[in-house]
Amino acid sequence: MERRWLRGLILLLCFLALPGCYYLRLAAEPLPKPRFVTLRPADEVYAEVRTLLPRIGYVIEQEDPKERTLLTEFSHIATRAGGITLPAGGRLYFHKLRVKVGGGEGGADVELESVDLEIRSSYVYEEDGKVLSFKKRYPYDHYPSMFDLSSVHNELGRVRVYLETALENGGTHGK
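A brief look at the structure comes next.

Calculation notes
Residues numbered from 1 in each chain as written. Predicted model: local features only at pLDDT ≥ 70, side-chain atom pairs only at ≥ 80, totals over all residues. Heavy atoms only, no water. Helix = DSSP H or I, 4+ residues; strand = E, 2+ residues; numbered from the N terminus. Buried < 20%, exposed > 50% of the residue type's maximum accessible area, 1.4 Å probe, protein only. Contact = heavy atoms within 4.5 Å. Pairing = 2+ DSSP bridges. Salt bridge = Lys/Arg side-chain N within 4 Å of Asp/Glu carboxyl O. Expected span 1.5 Å × (residues − 1). Core = buried A, V, L, I, M, F, W, Y, C linked by side-chain atoms within 4.5 Å. Phe/Tyr/Trp six-rings, centres within 6.5 Å; stacked < 30°, edge-to-face > 60°. Lys NZ or Arg CZ within 6 Å of the ring centre and 35° of its normal.

**Looking at the overall build of the protein**
Along the backbone of the protein there are 3 helices and 7 strands. Mapped from its N terminus to its C terminus, the protein presents α and β elements in the order α-β-α-β-β-β-β-β-β-α. The buried share of the protein, reckoned over its 175 residues, is 38%. Looking at the protein alone, contacts between residues at least 24 apart form 59% of all its contacts between residues at least 6 apart.

**Focus on the pairing of strand β3 (residues 69-72)**
Because side chains alternate across β3, one face comprises the buried residues T69 and L71, and the other comprises L70 and T72, equally buried. Counting the residues in the hairpin turn of strand β2 (residues 60-64) and β3 gives 4 residues, including R68, whose phi is positive at 55°.

**Section: the pattern of salt bridges**
The tally for this structure, following the rule as stated, stands at 13 salt bridges. Of the charged contacts, one joins R40 and E44 as a salt bridge, the two residues approaching to 2.6 Å between their closest N and O atoms. Its relative accessible area of 14% is what places R40 among the buried residues. Between R68 and D43 there is a salt bridge, and its shortest N-O distance comes to 2.8 Å. Of this pair, R68 sits in the loop between β2 and β3 while D43 sits in helix α2 (residues 42-52), and the two are 25 residues apart along the sequence. The structure contains a network of salt bridges with shared partners spanning K33, R98 and E113.

**Topic: helix α3 (residues 150-168)**
Over its 19 residues, α3 runs 27 Å from end to end, which matches the ideal 27 Å to within 8%, given 1.5 Å per residue. Turning to α3, its buried residues are S151, V152, E155, L156, V159, L163, E164, A166 and L167. Where α3 is buried, its residues contact β1 (35-38), α2, β4 (75-80), β5 (91-104) and β6 (107-127).

**What to know about the nonpolar core**
Counting residues in each nonpolar core, the largest one holds 34 residues, and the members touching the most others are L53 and V99. Secondary-structure elements contributing two or more residues to this core are α2, β4, β5, β6 and α3. The greatest single-element share of this core, amounting to 6 residues, is contributed by α3.

**Considerations on the packing of aromatic side chains**
What describes a pair of aromatic rings is the distance from one ring centre to the other and the angle between the planes of the rings. Scanning the model with the defined rule gives 3 aromatic pairs in all. With centroids separated by 5.1 Å and ring planes inclined at 85°, the aromatic side chains of Y138 and Y143 adopt a geometry described as edge-to-face. Taking the centre distance of 5.1 Å and the plane angle of 80° together, the rings of Y140 and F147 count as edge-to-face. The burial state of Y140 is the same as that of F147; both residues are buried. Taken together, the ring pairs in this structure connect Y93, Y140 and F147 into an aromatic cluster. Taking the ring centre of F74 as reference, the NZ or CZ of R120 above it sits at 4.9 Å.

This is the structure:
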């Protein structure tokens, strides 16, 4: 009877300590795709978004004017640092941003999507009296339990508000 109680207590303690290290997620969940609508023509909105993204630190890697889709290079969106389980320098969150502009002359629907989400960390260790280091990348699809998705939600919300506000105020040609 005491063994069962002791096993239960150990299991409970392990369960309580687990959230400090990882998020209880076994499989990657779909990431949010915030969107907004504007009354401006879609082609004009696409051109404005292409100009606005570099202003907030995004570098465009690919563009498809026919489909009105932009894909950025990897961009650092957050750092999670501190605590016992994190490497020195923390976990650096990176993603590529995909922007799709739909619609026509009567208005545009702008959708944002975080793609290729990953964590990058650096590790330092000692071996044979030498200090060595290595860097590791953790893609979201392979290591979903490591990710604090609030960083992605915050970044997509920030970009959505910026683009929506800039487009309402006339974009790059306005105020």
